[in-house]
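Below, each chain spelled out in residue letters.
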Amino acid sequence: MLRKMGEAVARVARKVNETVESGSDTLELHLEGNFLHHLPNEVSALQHLKTIDLSRNQFQDFPEQLTTLPALETINLEENEIADVPVEKLAAMPALRSINLRFNPLNAEVRVIAPPLIKFDMLMSPEGAQALPP
């Protein structure tokens, strides 16, 4: 298990570094299912990124460097372990259109505060819902 996690982290680091170093105007970054629990700081350099898929990882904290990406339109964090979300920072993101937080143990405060503050689609599972096994 640890070896798989190490390989996944190395693969993700390579992909992010290659993207940043190439000066690429990457529009999408797909890092789903990689045992990630945090993002490398280099992700903040992807100023043209429009879509990021971080589903089926092991995030417990919302990766806040995403809130600094001005072109980001879609965030997929489905099936992680996130309880708290920086709703105010997300609400201030100019391009954000959709965030998928289904199958995360979101706290009640996020569920109550988010809807009136946001202008984008925020997908959440009913409280206590769990993803089906693969």
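Note that the structure is predicted; figures quoted are calculated from it, not measured.

**Structural notes on a negative patch on the surface**
Here is step 1 of the chain: Together, Asp61, Asp84, Glu88 and Glu109 make up a region of like negative charge exposed at the surface.
Here is step 2 of the chain: Residue placement: Glu88 occurs in helix α2 (residues 87-91).

**A look at the environment of Pro126**
Here is step 1 of the chain: Position of Pro126 among the secondary structure elements: in the segment after β5 (121-123).
Here is step 2 of the chain: Residues Pro126 and Pro105, 21 residues apart in the sequence, show an inter-C-alpha distance of 9.7 Å.

**Considerations on the nonpolar core**
Here is step 1 of the chain: In terms of nonpolar packing, the biggest core is built from 30 residues, with Ile52, Leu54, Leu66, Ile75, Val85, Leu90 and Met122 touching the most fellow members.
Here is step 2 of the chain: Contacts of Leu54, omitting those with residues within four sequence positions, involve Leu31, Glu32, Leu36, Leu39, Phe59, Pro63, Leu66, Asn76, Leu77 and Asn80.

**Examining the pattern of salt bridges**
Here is step 1 of the chain: Inspection of every chain in the model, using the stated rule, returns 3 salt bridges.
Here is step 2 of the chain: Notably, a salt bridge pairs Arg102 with Glu78, separated by 3.9 Å at the nearest N-O pair. Pair noted here: Arg102 is in the loop between β4 (98-100) and α3 (108-117) and Glu78 is in the loop between β3 (74-76) and α2, with a separation of 24 residues, a long-range link.

Cut-offs and rules
Residues numbered from 1 in each chain as written. Predicted model: local features only at pLDDT ≥ 70, side-chain atom pairs only at ≥ 80, totals over all residues. Heavy atoms only, no water. Patch = residues over 30% accessible without salt bridge, like charges linked within 9 Å, V, L, I, M, F, W, Y side chains within 5 Å. Areas by Shrake-Rupley, 256 points an atom, 1.4 Å probe, with all protein chains shown as cover. Salt bridge = Lys/Arg side-chain N within 4 Å of Asp/Glu carboxyl O. Lys, Arg positive; Asp, Glu negative; His and termini not counted. Charge placed at Lys NZ, Arg CZ, Asp CG, Glu CD. Helix = DSSP H or I, 4+ residues; strand = E, 2+ residues; numbered from the N terminus. Core = buried A, V, L, I, M, F, W, Y, C linked by side-chain atoms within 4.5 Å. Buried < 20%, exposed > 50% of the residue type's maximum accessible area, 1.4 Å probe, protein only. Contact = heavy atoms within 4.5 Å.

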